Amino acid sequence: MGSGLAGAMIPLAAPIALAVLTLVAWRYEARAGRAYEATLSPAEKRQFRAFRRLHPSAWRAFVALKNAERDLGTKPPRVGKPPQLEP
């Protein structure tokens, strides 16, 4: 019971499925990186590529940092006292 070809296929299917999933995730990451890189200036591209070489798994943190810097640059600075909340 459970011996033969069917018993051998289930343990073999798990690593194959994991390998396929890894390849799909790798392609998605590569495509997302290229899409983001297309929006950068040449200086930012060099910085992004250098960061990706040093920290390949943390490039999304670089993207978040650049987006935060861009967002802070577009908002006018607050001047004066913050509004007081009434108790």
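This text follows the structure it describes.
None of the values given here were measured: they were computed from a predicted structure.

Before going further, it helps to spend a moment on the overall build of the chain. Secondary structure assignment for the chain yields 3 helices and 0 strands. Taken from N to C terminus, the helices and strands of the chain fall in the order α-α-α. Buried residues in the chain amount to 10% of all 87 residues. By element, 67% of the accessible surface of the chain is carried by carbon and sulfur atoms, the whole surface being about 7,700 Å².

For the rest of this paragraph, the subject is the packing of aromatic side chains. Counted according to the given criterion, the structure contains 1 aromatic pair. On the numbers, 5.4 Å between centres and 65° between planes, the contact of tyrosine 36 with phenylalanine 48 is edge-to-face. With tyrosine 36 in helix α1 (residues 5-37) and phenylalanine 48 in helix α2 (residues 42-54), this residue pair connects regions lying 12 residues apart in the sequence. For the pair shown, tyrosine 36 and phenylalanine 48 are each scored as buried.

Tallying each qualifying case throughout the model produces 2 salt bridges. For glutamate 37, the salt bridge identified is with arginine 49, shortest N-O distance 2.5 Å. In this pair, glutamate 37 sits in helix α1 while arginine 49 sits in helix α2, placing the two residues 12 residues apart along the sequence. The salt bridge involving glutamate 37 is made with arginine 52; its shortest N-O contact spans 3.2 Å.

For soluble globular proteins, nonpolar side chains are generally found buried alongside one another. Of all hydrophobic cores here, the largest spans 6 residues; its members are Tyr36, Leu40, Phe48, Trp59, Phe62 and Val63. Broken down by element, the residue count for this core peaks at 3 residues, all from helix α3 (residues 59-74). Setting aside residues up to four positions removed in sequence, phenylalanine 62 forms contacts with Tyr36, Glu44, Gln47, Phe48 and Phe51.

Take a nonpolar patch on the surface next. A contiguous nonpolar surface patch, about 360 Å² in accessible area, is contributed by Leu12, Ile16, Val20 and Val24. One can find valine 24 in helix α1. Here valine 24 falls in the exposed class, since its relative accessible area comes to 53%.

Definitions and cut-offs
- Residues numbered from 1 in each chain as written.
- Predicted model: local features only at pLDDT ≥ 70, side-chain atom pairs only at ≥ 80, totals over all residues.
- Heavy atoms only, no water.
- Helix = DSSP H or I, 4+ residues; strand = E, 2+ residues; numbered from the N terminus.
- Buried < 20%, exposed > 50% of the residue type's maximum accessible area, 1.4 Å probe, protein only.
- Areas by Shrake-Rupley, 256 points an atom, 1.4 Å probe, with all protein chains shown as cover.
- Phe/Tyr/Trp six-rings, centres within 6.5 Å; stacked < 30°, edge-to-face > 60°.
- Salt bridge = Lys/Arg side-chain N within 4 Å of Asp/Glu carboxyl O.
- Core = buried A, V, L, I, M, F, W, Y, C linked by side-chain atoms within 4.5 Å.
- Contact = heavy atoms within 4.5 Å.
- Patch = residues over 30% accessible without salt bridge, like charges linked within 9 Å, V, L, I, M, F, W, Y side chains within 5 Å.

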